[in-house]
Amino acid sequence: LDPAFSRVKYIKGSPLEETTLKRCGLQDAGSVIVLTDKAGDPDFEDAKVILITAMVNAHSRVPVHTQVHLPENISRVRNAGAQSVLCIQELTMLVAARGCLSPGIPALLANLIR
């Protein structure tokens, strides 16, 4: 097992509850990664991610790296305190555009992810 993975913690609970935030040890964290639920409604899931990012920033000054569905929510999640944002829709469009220029790129990326 890679030593880096021994420092990664997955905490079950709602990050919108203060007890969960205290339990996860934000004061000792190097960073926080907030992932969106890809199966849910994009607007609703992005709203949750924005709230979670704001809640983490209210309790700690660690860097927060956030994932959103929609490009129009990038500025909102940055305003909530995210240091970096990955937009699923933008990434999908980027891969599709690259696929037009270099037809093998989407297949290569899909194989690398598996």
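Quick notes on the rules
Residues numbered from 1 in each chain as written. Predicted model: local features only at pLDDT ≥ 70, side-chain atom pairs only at ≥ 80, totals over all residues. Heavy atoms only, no water. Patch = residues over 30% accessible without salt bridge, like charges linked within 9 Å, V, L, I, M, F, W, Y side chains within 5 Å. Areas by Shrake-Rupley, 256 points an atom, 1.4 Å probe, with all protein chains shown as cover. Salt bridge = Lys/Arg side-chain N within 4 Å of Asp/Glu carboxyl O. Helix = DSSP H or I, 4+ residues; strand = E, 2+ residues; numbered from the N terminus. Pairing = 2+ DSSP bridges. Axes fitted to C-alpha atoms, helices over the stretch in contact; angles between N-to-C directions. Contact = heavy atoms within 4.5 Å. Buried < 20%, exposed > 50% of the residue type's maximum accessible area, 1.4 Å probe, protein only.

Structural notes on a nonpolar patch on the surface
Consideration 1: On the surface, a cluster of nonpolar side chains totalling about 430 Å² of accessible area is made up of Leu108, Leu109, Leu112 and Ile113.
Consideration 2: With respect to the element layout, Leu112 can be found in helix α5 (residues 105-113).

Examining the sheet that holds strand β2 (residues 64-68)
Consideration 1: Overall, parallel pairing links the three strands, which are arranged β1-β2-β3 in an open sheet. Sheet topology places β1 (32-34) and β3 (84-87) at the edges, where each strand pairs with a single neighbour. Averaged over neighbouring strand pairs, the angle between their axes works out to 15° when direction is ignored.
Consideration 2: Where β1 lies against β2, three bridges are found, and the strand directions are parallel. Bridged to Ile33 within β2 is His65.
Consideration 3: On the sheet, helix α2 (residues 42-59) packs against β1 and β2 and is oriented at approximately 170° with respect to β2.
Consideration 4: Sheet strands touched by helix α4 (residues 88-101): β2 and β3. Its angle to β3, the strand with the most contacts, is close to 60°.

Digging into the pattern of salt bridges
Consideration 1: Enumeration according to the criterion identifies one salt bridge in this entry.
Consideration 2: With a shortest N-O distance of 3.3 Å, Glu45 and Lys48 are connected by a salt bridge. Taken together, the residues span about one helical turn, with Glu45 and Lys48 both in helix α2 at a distance of three residues.
Consideration 3: For Glu45, a relative accessible area of 6% corresponds to the buried category.

So far we have only geometry, and geometry alone does not tell us how the molecule works.
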